[in-house]
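# Coordinate inspection notes
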Amino acid sequence: MLRIETKTDAQFSEKEHTQILNLLNASFDNIFPNRIFFKQIPHTRFLIKENDTIIGQVGIDYRAMNLGGRLIDVVGIVDLCVAKEYQGKGIGSKLLQTVENQFKERADFILLFADEHKVYLNNGFKLANNKVTWLGIDGGKTIGILSKNMGDCLMYKSIKKGVEWTEDDLDMMGYLY
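Below is a summary of the structure that appears in this document. (Residues numbered from 1 in each chain as written. Predicted model: local features only at pLDDT ≥ 70, side-chain atom pairs only at ≥ 80, totals over all residues. Heavy atoms only, no water.)

## A few points about helix α2 (residues 91–103)
Taking 1.5 Å per residue as the helical rise, α2 with its 13 residues ought to reach 18 Å, and the 19 Å between its terminal C-alpha atoms agrees with that figure. Inspection of α2 places Ile 91, Gly 92, Leu 95, Leu 96, Thr 98, Val 99, Glu 100 and Phe 103 among the buried residues, and these make up the whole buried set. Phi turns positive one or two residues past the end of α2, at Glu 105, with a value near 70 degrees. (Helix = DSSP H or I, 4+ residues; strand = E, 2+ residues; numbered from the N terminus. Expected span 1.5 Å × (residues − 1). Buried < 20%, exposed > 50% of the residue type's maximum accessible area, 1.4 Å probe, protein only.)

## Focus on the state of the cysteines
A covalent bond bridging the sulfur atoms of two cysteines is what the word disulfide describes. This structure, assessed with the given rule, holds zero disulfides. Free of any disulfide, Cys 81 has its nearest cysteine sulfur in Cys 153, 18 Å distant. Residue class for Cys 81 comes out buried when judged on its relative accessible area of 4%. (Disulfide = S-S within 2.5 Å.)

## What to know about helix α1 (residues 14–27)
The end-to-end C-alpha distance of α1, which contains 14 residues, comes to 20 Å, matching closely the 20 Å that a straight helix rising 1.5 Å per residue would cover. Within α1, the full set of buried residues consists of Glu 16, Gln 19, Ile 20, Leu 21, Leu 23, Leu 24 and Asn 25. Contacts from the buried residues of α1 go to β1 (2–7), β2 (44–50), β3 (53–67) and β4 (70–82). Asp 29 occupies a position one or two residues after α1 and carries a positive phi of about 50 degrees. (Contact = heavy atoms within 4.5 Å.)

## Quick look at the side chain of Asn 123
Summarising the element assignment, Asn 123 is placed in the loop between α3 (118–121) and β6 (126–127). If sequence neighbours within four positions are ignored, Asn 123 has contacts with Ser 93, Leu 96 and Lys 157.

Below, the structure written as structure tokens:
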């Protein structure tokens, strides 16, 4: 039976930590060097478990950003992944719906950066063509303030009525997830 849990990284058992590390490395070509985050620890995670096995996860980064001079509340999707044998069964969509349900009407947008767009487009996300500014982090060190047009990977979904996305400059006011 599948169940969804919400946890911070500090709450993980050693077994959960190992399962998440293995899932992330299987999903993202072993880029996680013995830690379960890439640039920064997510604020929280939603986990999907079958019995005691984590089969999917998504990290959440909740913060304010500046879009064209106005502050917006953003839920960032960090490292959404599903175990290979469970892909194509709606697990990723279930995680995205869980995030939306948790933050609907509290945040303005869900935001993510992705090379593969299909699951997100199928869940109502749109590609954006904004110039993005962020705090660059590499190898565990701040490397400066970076800026680039992210039209090939920046995606958003409006989750608060009456709030519209614009293609103005986006200042992440923090790191890029």
